[in-house]
Amino acid sequence: MRLSRYFLPVLKENPADAQIVSHRYMLRAGMIRQQAAGIYSWLPLGFRVLKRIEQIVHEEQVRAGHIPMLMPTLQPADLWRESGRYDDYGQEMLRIKDRHDRDMLYGPTNEEMITDIFRTHVNSYKDLPLTLYHIQWKFRDEMRPRFGVMRGREFLMKDGYNFDVDKDAALHAYNRHMVSYLRTYERMGLTAIPMRAASGPIGGDNTHEFLVLAATGESEVFYDSAVTDLKLGDRAVDFDNRAEVAGVCKEFTTLYARTDETHDESLFNQIPEARRKVGRGIEVGQIFYFGTKYSEAMGATVVTADGSRVPVEMGSHGIGVSRLLGAIIEASHDDKGIIWPEGVTPFPVGIVNLKQGDAGTDAACEGLYKALEARGLEALYDDRDERAGAKFATMDLIGLPWRITVGPRGLANGKVELTSRRTGVSEEMSAEDAVERIAQIYAGR
Ligand code: 5CA
């Protein structure tokens, strides 16, 4: 993408109404525009990151054996009357009437609708296990929408629903989600800690929230500092192997890590004092096992191997896709701007032309741009007629992990400069070597 032809409405001033750094940088980098309290347009740069995050979520869900689909944003109220949640959900639910005076709502979550789909089409244990998920916009009329996309009213969520014949199988689905989430967050450059939590309006008594530690987080958390060292890494996990998946979950949940809702002071005090931490976290996901809460209320049953009919065992599992942008920026930035982890960056690399209009420099930049493209890497090429300082400031603000700087002085020696946004370290090398290095960094991503 050539910056001169792109739409990147960068703001020079700090927006007065943004209280936390991620909100400030998302506005300043021209990623989002607020249209009403807690409702945002996703401008091209923000949209690219959102799509990257969605893509990672999809890949990891499919890897775990879960099946993508899409349900609508608007739902009939009658489904929610069946589960009893139409009245329970209260003012967070946006209620709408259509032209026939039928009660509708903008879905805050999809347990009822997916249970309806299940009961219509599935009848036998032979069709289980089954986990369906979608990535769709949700609406919750939050009392205090704030911090930009972090607590929106309209927000993008991945929500998945497992259907199993018995509790053991459903707990395996729960564990599968836990492991797939760990890898999902790691690919985004995040350390998200599974913490024992409370279930709220979703229900059930077995639930974990995934929290990214950040001073600006809305949740108070209590944990053993050793949990922050746990990493899944590239470890291959056989998602069909119950014992193996359960074993991985155990590694990640044995150490103390709880939100304030489930915190237990006496257990906490058994951790060696130096490792006992109280902090704040951003909730980027939550998994629930709630058994037959919805299937009983809505008559979703299956015939078992011995011919009896039982309500299907369920759980639901959510990832805050749009919130993740805020969480990643809270975890990865400096005073100049965002520092995108390679996994989610809107562009893998930026090219800065130090002397736009100089034939040799322009040609070198074009050559680099095309060579990167030939390797499947779309650079953001700053080809504007701007001062070098302004170009660097824009690149630093929007946070591409790598920058290639091209100027007549370097070119005279056959060199360009490759700079890491994270470390600020620059290296001179030939354009070919720079392309090779970038290609290696992104290989397999
Ligand atoms: N049905 C279940 C799981 S599918 C559910 O709705 N879970 S949830 O309420 O925990 O939401 C899942 C994730 O969505 C949360 O962990 C959080 O990351 C994100 N989320 C929830 N509310 C908001 C909001 N107002 N703005 C942005 N993200 C949100």
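What you see is a predicted model, and the numbers here were worked out from it, not measured in a lab.

(A) Looking closely at empty space enclosed by the protein. The tally for this structure, following the rule as stated, stands at two cavities of 30 Å³ or more. The computed volume of the largest cavity comes to approximately 100 Å³. Surrounding the largest cavity, Leu182, Glu186, Leu190, Thr191, Ala192, Ile193, Pro194, Val227, Leu230, Lys231 and Phe252 form its lining. Among the secondary structure elements, those contributing two or more residues to the lining of the largest cavity are helix H6 (167-187) and strand S9 (192-196). Of all the elements, S9 adds the most residues to the lining of the largest cavity, at three residues. Residue classes in the lining of the largest cavity are distributed as eight nonpolar, one polar and two charged. If you add up the space inside the second largest cavity, you get close to 60 Å³.

(B) Representation of the domain arrangement of the protein chain within the structure. In terms of domain boundaries, the protein chain breaks down into domain 1 (3-338) and domain 2 (349-441). Spacing between the C-alpha centres of domain 1 and domain 2 amounts to 37 Å. Between domain 1 and domain 2, the contact holds 15 residues from the first and 13 residues from the second. Interface area for domain 1 against domain 2, summed over the two sides, is near 1,200 Å², with a carbon-plus-sulfur share of 57%.

(C) Local environment of the site of the ligand. The immediate surroundings of the ligand are formed by 22 residues, with Thr109, Glu111, Arg140, Gly152 and Glu283 found nearest. Within the side chain of glutamate 111, one N or O atom sits 2.7 Å away from a nitrogen atom of the ligand. Measuring from a nitrogen atom of the ligand, one finds a backbone N or O atom of glycine 152 at 2.8 Å. Assessed atom by atom at 2 Å from the grid points, the ligand resides in the largest pocket. No other element matches strand S13 (residues 276-291), which puts five residues into the shell around the ligand. Grouping the constituent residues of the shell around the ligand by class yields seven nonpolar, eight polar and seven charged.

(D) A look at the pattern of salt bridges. For the structure on display, the rule yields 28 salt bridges. Notably, a salt bridge pairs aspartate 116 with arginine 119, separated by 2.9 Å at the nearest N-O pair. Note that aspartate 116 and arginine 119 are positioned in helix H5 (residues 111-121) at a spacing of three residues, about one turn of the helix. Three or more residues are tied together by salt bridges with common partners; here these are Glu59, Glu60, Arg63, Arg183 and Arg187.

Basis of the calculations
Residues numbered from 1 in each chain as written. Predicted model: local features only at pLDDT ≥ 70, side-chain atom pairs only at ≥ 80, totals over all residues. Heavy atoms only, no water. 1 Å grid on protein atoms, 1.4 Å probe; cavity = no way out; pocket = protein on both sides within 12 Å on 5 of 7 lines; lining within 4 Å. Points joined across faces, edges and corners; volume = space filled by probe spheres on them. Helix = DSSP H or I, 4+ residues; strand = E, 2+ residues; numbered from the N terminus. Nonpolar A, V, L, I, M, F, W, Y, C, P; charged D, E, K, R; others polar. Domains from an automatic or database assignment. Contact = heavy atoms within 4.5 Å. Buried area = accessible area lost by both parts, 1.4 Å probe. Near = heavy atom within 4 Å. Polar contact = N/O pair within 3.5 Å; in protein donor to acceptor, adjacent residues only side chain to side chain. Sits in = over half its atoms within 2 Å of the grid points. Salt bridge = Lys/Arg side-chain N within 4 Å of Asp/Glu carboxyl O.

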